[in-house]
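Architecture at a glance
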Amino acid sequence: MTASLPREPRRSAAGTAGRFAMAAAGPLAGGTVLFSSDALGGVVRVPGDVVTYMALTGLVLACAALVPALWLAGRLRPHRSAALGGALAGTGVALAGLVPAVPVFASALMAAGILAAPLLAAPRASALRTAGSPAGGQAAALAGLAAAAWIATLWSAHPGKALLVAGATAAVLAVVAAGPHGPPAEPGRPVARVRDVLAARDVRAALPAYLLAGWAAGAPLMGGLHLLTFRWNLIGAEPVRYLAWALLPAVALVVAGRRATGTARTGPWLLLAGAAAPMLMASAPGPVLLAAGFTIALAAACLTAAALDTAVLRPLPDSRRLAAAGLTGVAAAAGGLAGLGCAAVLRGILAEGSALTLTALPPILGALLALRVHGPQAERPPAFLAVRALSVPRGAVRLHRVAMRVEAGETVVLSGSGASVLLAALAGRTPCRGGISLGGADLTALDAAQRTSLGLCHLAGPEPRAPGGRPVAAGLGAHARALGHADPEAAARSVLDVFPQLRGLAGAPAGTLTAAQRGLLSLAEALLTRPRLLLVDGLAGGPCAAAVPPVLRRLAATGTAVVIAGPAAPETLALARRAYTVEPGGVTEVPVPPSGGAHRPPAVRSTGGPAL
C-alpha cells in the first residue's frame, strides 16, 4: 500500500508534460516552415514569398478543417485523436523537407495543415483541467515556436534538413502526448455545435479579444523580421536568430506571469502591452532593442489568450470546452493572419517603421473590447437546471429559443399549450435544439432512458411506465430492479405506503386502474427513481389534487427541482415559487399567491417572454 502512494504525482506530472508536448508540436513544425521560407525557396525553386504563402495556406486549411476534425474527435477520444493528427502532420512536414519537388512539397504542407486542425483546440481544452495550465500551455506553444526559430537558424544552409528535424520532433512530441504516460484519454462524446457555444455571452464577447490577441502576435512578428532584414541589412538567417534569442525570455515571461491569467481583468492591460511592442520596435535604434519588442509582443499575446481561456472557457461545461477552444483558436489564427496581411499592405504604402506603428492601433481597440469579458466572477451563479435557447421545431406546438432556470428545491408551474411540449423536451422525449444542463451535467448528450436510469430526470404523467397487464406491485418492483435498488420488492412496498389509494391494488393489473390511480402510479415510479429533476405533467390538479401536493412538497424539501405542467389552478399555484404560461408566441408570467413561496427572478425566456 505504501509503495503505491508516490505513483500518482508522477502520473499527474507525466500527464501535464504530455499536454505541453502536444501544445508545442504545432508551432514547432509550422514555425520552422515559416521561418525557413526564404531558404526553402532556393531548394524548392520558387520565390520565398510563395513558400510563406504555402505555410499560411496550411494554417487556413487547419482552421477550415477544424469543424469536421472536432466532430470526429468528439466521437473518438479528443486528446488522442488530436495527438494522432499532430503526429501525421509532423510526418507531412518531414516529408516536405525530404522531397523538395514542388508538387510533393506543396501537397505535404497542405495535408499537414489539415491534419493539424485539432491542435488548434485540443491542447487548450485539455489545459483547462488544471489551474494555471492555460498559461503553461501557451508557454509550451511559445517554446515550440522558439525551437522552430533555432532549428531554422542552425540549419539555414540546409532548410530541407531543418524541416526534417522539426517535423520528426513534432511527430515524436505528439506520440509522447498520446502515449501511456500522457494525460488520461477522455471518453468519446459528441462535441457541442458552434451555435450552442455562441449562446454563452462571454464567448461572444471574447471573440474580438482573441482575434486581436492573434493580431498582437502576428503583425509585429513578420513586420519586425522585415524591419531587421531591410533596416540593418540582416540577410539570411540573422533576423530569425534575433527572434530565436527573443523567444527565450518570452517563454520565461509567460511562465512568470501565469498568476496574472487567473482573471479577465488583466486582459485589457496585457493587450495594451502588446500594442506598445510595435511602437518600441519601430523606434528601436538597433536590432537588440527591436528583438526586445518580439519578447514583449509574443509574451503579451500569449498571456492574453491564457487569461481569456481561464475566464471564458473554463466555466463552460466539459461538453462545450473543446468546441469553444476551437472557435476561439480560429479567431486568434484569423487575427494573426490579418495582422500579417495588414503589415504587408502597409509596407507597400508607408515606410517600414510607420507601417509597424500603425499595426498597434487594433490591439488598443482590443483592450477596450476585452473590457466586455467579465469572466465567471461577474456572472450569475449557474442554475441547478439551466435551459438555453431551447427550440422545438416540429409538432403541433412549436417553441422558439426558450430559456429557463430552476434552482434545487424550487417548484415552477408551467401552463399553456406549450407546457407539456417543454416538459417532453426536458425529458428527452421530443427532438429539440439548444442546451440543457442539470447540476453542471449536460443532458443533451443523453436520451430519455439514460436520463431516467441515471436518476437525473423523471417525467411523471397520466400514463405510468408499467405494462397494463402486470400487477401494480410487480411493475414497481421491476422498475426498482432496473434502477439498481438493493431490495426491489421492499422499495416497491415503501412507495405504495405513500399512496393509500394504491396500497390495496398491489395485485391488480395496472391496466384496470382509473385515470387518477394511473397518475398516482406514475408518481410512485418517480419516487423509486429519486430524480434530481422531477417533471410532472397533468397530475397536480384534478382527481389527484389531494394526494399529489404533499409528495411534491416533500421532494422539493429534499432538494429535487420540480417543474409542473398543468392548468394554473389555485391548488397548483399554491405549490409554486414561480409560474408561467408557455405558448408558441412567447412566455408570460402568472401571479403566484404569497403562500406559494418567496419571490424569485423570472426563470423562463422566449420571444416576447420575460428576461432572465
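So, here is what we can say about the structure in this document. All values reported here derive from a predicted model rather than from experimental measurement.

Considerations on the overall build of the protein
Counting secondary structure elements, the protein contains 25 helices and eleven strands. Intrachain contacts of the protein at a sequence separation of at least 6 include 75% that bridge at least 24 residues. For the protein, the exposed area adds up to about 25,100 Å²; of that, 65% sits on carbon and sulfur atoms.

Some thoughts on the pairing of strand β2 (residues 399-406)
With six of its eight residues buried, β2 lies for the most part within the structure. Where strand β1 (residues 385-392) meets β2, five bridges bridge the pair, whose relative direction is antiparallel. By the bridge assignment, A386 is partnered in β2 with R405.

Quick look at the environment of L446
Secondary-structure assignment places L446 in the loop between β5 (441-442) and α19 (448-453). On a C-alpha basis, the gap between L446 and G428 in space is 7.7 Å, while along the polypeptide they are 18 residues apart. Those residues in contact with L446 that sit more than four places away from it in its chain are R451, L454 and L456.

Quick notes on the environment of F384
Looking at the secondary structure, you find F384 in the loop between α17 (361-370) and β1. Remark: the alpha-carbon pair of F384 and E407, spanning 23 residues in sequence, is separated by 4.8 Å. Apart from the residues within four sequence positions on either side, F384 is in contact with V406, E407, A408, S437, L438, G439, R532 and A561.

Some points on the pairing of strand β3 (residues 411-415)
Buried residues dominate β3, accounting for five of its five residues. Along β3, one buried face is formed by T411, V413 and S415 and the opposite face, lined by V412 and L414, is buried too. As paired strands, β3 and strand β9 (residues 578-583) are joined by four bridges and run parallel to one another. Each residue of the ladder has a partner; that of V413, found in β9, is A579.

Considering helix α12 (residues 238-256)
Taking 1.5 Å per residue, 19 residues should reach 27 Å; α12 reaches 28 Å between its end C-alpha atoms and fits that length. All of the buried residues in α12 are P239, V240, L243, A244, A246, L247, A250, V251 and V254.

Quick notes on the rules
- Residues numbered from 1 in each chain as written.
- Predicted model: local features only at pLDDT ≥ 70, side-chain atom pairs only at ≥ 80, totals over all residues.
- Heavy atoms only, no water.
- Helix = DSSP H or I, 4+ residues; strand = E, 2+ residues; numbered from the N terminus.
- Contact = heavy atoms within 4.5 Å.
- Areas by Shrake-Rupley, 256 points an atom, 1.4 Å probe, with all protein chains shown as cover.
- Buried < 20%, exposed > 50% of the residue type's maximum accessible area, 1.4 Å probe, protein only.
- Pairing = 2+ DSSP bridges.
- Expected span 1.5 Å × (residues − 1).

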